[in-house]
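Residue-level structure breakdown
The residues making up each chain are set out below.
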Amino acid sequence: MSVHPAYQAESSLWRSISQRAGASWRSLWIVLAIIGFLSLPAVISNPYYMRFLEIAALYGIAALALSLVYGKGGIVSLGHMGLFGIGAYISAVLSLKFGWPVWIAMIVAVVVSGFAGWLLALSSARLVGVYLAMTTVAFNIVVERLIVQFPDLTDAAAGMINIPTFNLFGHLLDLESFYYLILLAWLVSLYMVHNFNTSSWNLVTNSLRETPTACLFMGNSVPGLKVLLFVVSAIIIGGAGVLFAHMMGRLNYNNFTWDQSVVLLAMVVLGGKRELLGPSTGAAILIFIPIFFGGLVEYMNIVYALIILFFLLVTPTGIIGWIRRGWNQARVFLPQGREWKLTHPVYSVNYARGGDTRPIVEVVNVTKTFGGLTALRNVSLSIQPGQIHALIGPNGAGKTTLVNVMTGLYPPDGGDVRIRGTSVRGKTPDKIALLGVGRTFQQPSLVAEMTTAENMQVAIHHRLRAGIVSTLLGLPRHHRMRAAARSEALDSLHAVGLADAANVPVGQLPHGYQRLVEIARALGVHPRLLIVDEPAAGLAPKEMEHLQRLLQVIRSNGIAILVIEHNMEFIMSIADWISVLDFGVRIAEGLPAEIQRNEAVLAAYLGE
Amino acid sequence: MIESLFAGLLTGGIYALVALAYSIIYTTTRVVNFAIGELIMIAAMVTFTGSALWGLPLISALVIGCAITVLINLVIKAAALSRLQKLDPITALLVTLSFGLLLVTGGQLVWGTAGASFPSIFGKIPLFNLGSLIVTTQDIVTIIIVGVILFVVDLIQHRAILGKSMQAAAEDQEACGVVGINIGWINAVAFNMAAILCTIAAVLIAPIAGANVRIGTMVGLKGFAAGILGGLTNGRSAIVGGLIFGVAESLSGYFFGGESKESIIFVVLMIILAIRPTGLWGETRWQREA
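How each quantity is defined
Residues numbered from 1 in each chain as written. Chains lettered and ligands numbered in written order. Predicted model: local features only at pLDDT ≥ 70, side-chain atom pairs only at ≥ 80, totals over all residues. Domains from an automatic or database assignment. Contact = placed C-beta atoms within 7 Å. Helix = DSSP H or I, 4+ residues; strand = E, 2+ residues; numbered from the N terminus. Nonpolar A, V, L, I, M, F, W, Y, C, P; charged D, E, K, R; others polar. Pairing = 2+ DSSP bridges. Axes fitted to C-alpha atoms, helices over the stretch in contact; angles between N-to-C directions. Parallel < 35°, antiparallel > 145°, perpendicular 65-115°, else oblique. Left-handed = near helix turned anticlockwise from the far one by under 90°. Buried ≥ 20, exposed ≤ 12 C-beta atoms within 10 Å, placed from the backbone.

Some words on the domain arrangement of chain A
All names here are of chain A. Domain parsing of chain A yields domain 1 (53–257), domain 2 (354–436 + 529–608) and domain 3 (446–526). For domain 2 versus domain 3, the distance between C-alpha centres works out to 27 Å. Across the contact, twelve residues belong to domain 2 and ten residues belong to domain 3. For the side of domain 2 that touches domain 3, the secondary-structure elements that each account for two or more residues are α17 (429–434), β9 (529–533) and α22 (541–555). Sorting elements by how many residues they give to the side of domain 2 that touches domain 3 places α22 first, with three residues. Grouping the constituent residues of the side of domain 2 that touches domain 3 by class yields eight nonpolar, three polar and one charged.

In structure tokens, the structure reads:
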């Protein structure tokens, strides 16, 4: 029985042994599987079944592409068969009707699919939920109608025939050699998605799906990420479509209708939407089932529907996810009630030290109204480098609204916020984060199933990442950046004293520790200003002491800290300067001792 | 031109009925029931079977069709609604889509895939000419039925206590229960109203589209698109969405030829959603939830 990764950290020797053993077992399985797939044509001599095997592999690629968008990004697309069809038809039309060399037609077709995916993503980047789903359905229907509307090119409803196959090294591809090409394409796409899954792109995408607001405030452009996922997915599925056209030699628009997109989705859901091998498993099962049903193919929809229902409602992780969970439960030993060691906070960075004597943040006469309610009225304050600035006030005073204006969630109705001289007007929260603003949330907003160290990387990603192409291809830069991001993640955890819990799924940490994790994550954006929203709420006395020390250590690096807090004892012991809000108006500011004696403040808190 | 406008308003009215069916369920329960299109198909096919095959009077066949549609929709509600409300909207949509898939395939098992013509309830007696278009009793009756239904539903939604309760149910089902609104009952009313709208849409669309098990999917999808275009959260805008689509479809047929009719709605929808992410009059407050 092996142990949970968290415990492996305690013995680096044990870790390296078990990791090496695991890695070599895995390589062995992969090699065996590839040999198995390579020898399949010898086993299956029946060309009818070979054809089905090829179709299953291509649908496996298509479903993998969809899982990138749906499983990872949480964006449902019922238009992916449209993208598949674009790849197939463009390549077929260019090679058959225009007589282009097949290779060029194929490349152009993949590029066009990627472009179509980009257009679809742009037009739907702001959409959510059913609106997004409907746009993708509409896209698919437009594609299928376009195919029918150009009978000169596509032979419309009758379907295209005699689509040319092509030469590979002087060898005209037949059914069997096509199998090897498709096998290669399938392995390459699995490899690319595997690289994605092991990069920080994957972690950021998880955060995009589970905690989109936090993802945005950690410096990641949410619409940008969605568009990128869509384009990558469109290129992969377009490639599958291209191979499909030349392998089959004939095309019919029936294969690319929006209800076929539902079938593709069923494949993803069946196999496991977040598993590398899930989509291919689902595709293989749904492609091979009709063979056994024989003449009842038209009733396959019942099978698809029941599969979607069962796997959505009963086993949302799909077959592969279900197997993996069973496997992990059998192997992982996780004792209950373990306490994670808090070590002394150690943090030392240079980027914010010295030089800057200007205020980090200037809030100038900011007004913000919601309908008839004025949440902030002419509020001004400024925060100096290396200052702990507390923002206090009764509930509903507008503290969180002010933070939301400062960080770009709401545009101010009047006045301005300048961060190191740059106005926040017209800037989205991710751009403001990159100006050097890190923040935590009242309710810790972390991805529960990712480890503590992985959650750190969401904020580091914008600085330490390989481009998406290097990542997918597994270029050296991908490995370098992965190592760099991991090591910085550990540094941030070390800074807040939680290195002990680096490999624990963050959802298993106590609430107070999750607040520390949030502070560590915010350090990842290299903040000049750190905003902590009610950091002390619900902390045990010992944790409170730790938090206090931590904030002082961060301040000593020249970083300004804005604390919103209700715990007066905590505020008075730590703050350098205090601003008080009441009903959206700043009623006082000053040193802690002055605020304690201020009559307006006492009146606001105790009532007149 | 005038003729296509007129024809467009007719189909638009039918789309509006369908959009309203989606909207009523959505505004009450926050769930998109994607099986609506197939409910229309079931209503049409049962009515057709009753009248043409069993020789029942059309009106009794219609009552049976309506009853069965209501029943199926209630089964969907009983089987899944409380679960659907807990799921994220997309998963819920996929679940109801699967129900629709079960209905249409079940329909194929019962009726096969061949089509038959569906009798017009009020005949197609020519009444007068509009340009080159002959306006028949079917047209006039469609206009009257659609107009009356839309008016009545609008009254219920905006004037009656029932409509207020439905709105409240959309806001917070639990809180409604606490203040004494019978949530199970309100949700059932919404589902039943939707099923009745489906039946009406079925008898209006079937004489045009014929009686076969494939008529539901596209009508359902276009009706949903119309609801999305206007904004699902508001009955009136769903109606306007339906009318816009009907007119867009037939004008596009007039200007660009018949083939373009099938896709124009979806092109318009994509463009409008790209500009206004929650539809023309959808409430942005619900953007995150929807």
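Once the structure has been displayed, the description carries forward.
Observations concerning the sheet that holds β9 of chain A
Residues and elements named next belong to chain A. Ordered in space as β8-β9-β10-β5-β11-β12, the six strands form an open sheet in which the pairing is mixed. Pairing within the sheet leaves two strands with one partner each, and these edge strands are β8 (437–439) and β12 (585–590). When strand polarity is set aside, the average angle formed by the axes of neighbouring strands in this sheet is 20 degrees. Alignment of strand β11 (residues 577–582) against β12, held across five bridges, turns out to be antiparallel. Its bridge partner being in β12, serine 579 is matched across the sheet by glutamate 589. Relative to the sheet, helix α16 (residues 399–406) contacts β5 (388–392), β9, β10 (560–564) and β11, its axis offset from that of β9 by approximately 150 degrees.

Some details on the packing of helix α6 (residues 129–149) of chain A against helix α9 (residues 215–230) of chain B
Their axes nearest at 11 Å, the elements α6 of chain A and α9 of chain B cross at an angle of 130 degrees. Viewed along their axes, α6 of chain A and α9 of chain B adopt a mutual orientation that is oblique. Relative to α9 of chain B, α6 of chain A is oriented so that their crossing is left-handed. Each of Tyr131, Met134, Val137 and Ala138 of chain A in α6 of chain A lies in contact with α9 of chain B, whose residues at this interface are Leu221, Phe224, Ala225 and Ile228 of chain B. Of the residues belonging to the contact of α6 of chain A with α9 of chain B, the class tally is eight nonpolar, no polar and no charged.

Some words on the packing of helix α2 (residues 36–53) of chain B against helix α3 (residues 58–86) of chain B
Between two packed helices, both the angle of their axes relative to each other and the distance between the axes serve to describe the pair. All names here are of chain B. Remark: α2 packs on α3, axes separated minimally by 8 Å, with the N-to-C direction vectors making an angle of 145 degrees. Once α2 is placed against α3, the crossing between them reads as right-handed. Taking contact as the criterion, the partners of Leu39, Ile42, Ala43, Val46, Thr47, Gly50 and Ser51 in α2 are, on α3, Leu58, Ser60, Ala61, Leu62, Ile64, Gly65, Cys66, Ile68, Thr69, Ile72 and Asn73. For the contact of α2 with α3, the residue count by class is eleven nonpolar, seven polar and no charged.

Some words on unusual backbone geometry
At asparagine 378 of chain A, a residue that is not glycine, the phi angle is positive and equals roughly 45 degrees. Mapped onto the fold, asparagine 378 of chain A is located in strand β4 (residues 373–383). Look at asparagine 378 of chain A and you get partly exposed, because 14 C-beta atoms sit within 10 Å. One non-glycine residue, arginine 30 of chain B, adopts positive backbone phi at about 65 degrees. Positionally, arginine 30 of chain B belongs in the loop between α1 (2–29) and α2. The class of arginine 30 of chain B is buried, set by 20 C-beta atoms lying within 10 Å.

Quick look at the interface of chain A and chain B
The partner chain B presents 34 residues to the 30 residues of chain A that form the contact. A breakdown of the residues in the side of chain A that touches chain B according to their chemical character gives 22 nonpolar, five polar and three charged.

Topic: the environment of valine 188 of chain A
Residue and element names in this part refer to chain A. Following the sequence through the fold, valine 188 ends up in helix α8 (residues 175–197). Assessed through the 15 C-beta atoms surrounding it within 10 Å, valine 188 is described here as partly exposed. C-alpha of valine 188 to C-alpha of isoleucine 308: the two residues are 120 residues apart in sequence and 28 Å apart in space.

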